[in-house]
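Survey of secondary and tertiary structure
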Amino acid sequence: MIKLTHKQRWAAVSVVLYLVFVIAAITTGFLDPSKIGLQWTIFWYFTGAGLAYYFYFKNYSYREVIYYAQKLGLHKTDLLEMAPDLKHNQDVPDPDHPSFLSPFAQVPITVVNALTDQLLPQADEQHIPRYK
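Below you will find a few notes about this structure. In this text, all values refer to a predicted model and were calculated from it rather than measured experimentally.

The rules behind each value
Residues numbered from 1 in each chain as written. Predicted model: local features only at pLDDT ≥ 70, side-chain atom pairs only at ≥ 80, totals over all residues. Heavy atoms only, no water. Axes fitted to C-alpha atoms, helices over the stretch in contact; angles between N-to-C directions. Helix = DSSP H or I, 4+ residues; strand = E, 2+ residues; numbered from the N terminus. Parallel < 35°, antiparallel > 145°, perpendicular 65-115°, else oblique. Left-handed = near helix turned anticlockwise from the far one by under 90°. Contact = heavy atoms within 4.5 Å. Expected span 1.5 Å × (residues − 1). Core = buried A, V, L, I, M, F, W, Y, C linked by side-chain atoms within 4.5 Å. Buried < 20%, exposed > 50% of the residue type's maximum accessible area, 1.4 Å probe, protein only. Salt bridge = Lys/Arg side-chain N within 4 Å of Asp/Glu carboxyl O. Phe/Tyr/Trp six-rings, centres within 6.5 Å; stacked < 30°, edge-to-face > 60°. Polar contact = N/O pair within 3.5 Å; in protein donor to acceptor, adjacent residues only side chain to side chain.

1. Regarding the packing of helix α3 (residues 38-72) against helix α5 (residues 109-125)
Between α3 and α5, the least distance of the axes is 9 Å, while the angle of their chain directions is 40°. The angle between α3 and α5 places the two elements in the oblique class. Crossing of α3 over α5 shows left-handed handedness. Along its contact with α3, which presents Tyr54, Phe57, Lys58, Ser61, Tyr62, Glu64, Val65, Tyr68, Ala69 and Leu72, the element α5 presents Ile109, Val112, Asn113, Leu115, Thr116, Leu119, Leu120, Gln122 and Ala123.

2. Observations concerning α3
Compared with an ideal rise of 1.5 Å per residue, which puts 35 residues at 51 Å, α3 spans 51 Å between its outermost C-alpha atoms and is within 8% of the ideal. Phi turns positive, to about 75°, at Gly73, one or two residues after α3.

3. Examining the nonpolar core
Most often, soluble globular proteins keep nonpolar side chains buried together rather than apart. Judged by nonpolar contacts, the single largest core of 23 residues is most densely connected at Tyr68, Leu74, Leu79, Leu115 and Leu119. Breaking this core down by element, the ones donating at least two residues are α3, α4 (76-82) and α5. With residues near it in sequence (within four places) discarded, Leu74 still touches Ala69, Leu79, Met82, Pro95, Leu119 and Gln122.

4. Here's the deal with the pattern of salt bridges
According to the stated counting rule, one finds 2 salt bridges in the structure shown. Residues Lys76 and Asp91 are paired through a salt bridge, measuring 2.7 Å at the closest nitrogen-oxygen approach. Taken together, the residues Lys76 in helix α4 and Asp91 in the loop between α4 and α5 connect sequence positions 15 residues apart. Lys76 sits in the partly exposed class, given a relative accessible area of 26%. Residue class for Asp91 comes out buried when judged on its relative accessible area of 17%. Its salt-bridge partner being Asp124, residue Arg130 comes within 3.1 Å of it at the nearest N-O pair.

5. Topic: the packing of aromatic side chains
With the rule as written, the count across this model stands at 13 aromatic pairs. Measuring from centroid to centroid gives 5.3 Å for Trp40 and Phe43, while their planes differ by 85°, and the two rings are edge-to-face. Taken together, the residues span about one helical turn, with Trp40 and Phe43 both in helix α3 at a distance of 3 residues. Taken together through their ring pairs, the aromatic side chains of Tyr53, Tyr56, Phe57, Tyr60, Tyr67, Tyr68 and Tyr131 make up a single cluster.

6. Focus: the environment of Asp96
Position of Asp96 relative to the elements: it lies in the loop between α4 and α5. Taking C-alpha positions, Asp96 is 8.6 Å from Ile66, a pair spaced 30 residues apart along the chain. In terms of polar contacts, Asp96 uses its side chain to reach the side chain of His75, at 2.8 Å.

Laid out in structure tokens, this is it:
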């Protein structure tokens, strides 16, 4: 059996989701160029691909923050202190109770990226293996 890294797993899930979208579009005909036009058909296929990539990147980044926070012994309150400029409707990942999927709107990609930028040097100092 092939052992996939976390990055490969999230990429595979994203590709499968996109293929489901394409198959649904073809079989149901809701993106038929004769109905909505070629430009809109192309637009929606590219939008679907972009959303699949965003799903991959956001979930991988979310799990990366959870991984480093758990290895460093950090909790949600510690991560909140590392991201002081949060809006009232934004949150940080909770290493003690991680979601399987990254919360869609609550934990924005900008917060996750900023946390990764802060956690990675700390993990390197403590010789924590890189998240794969």
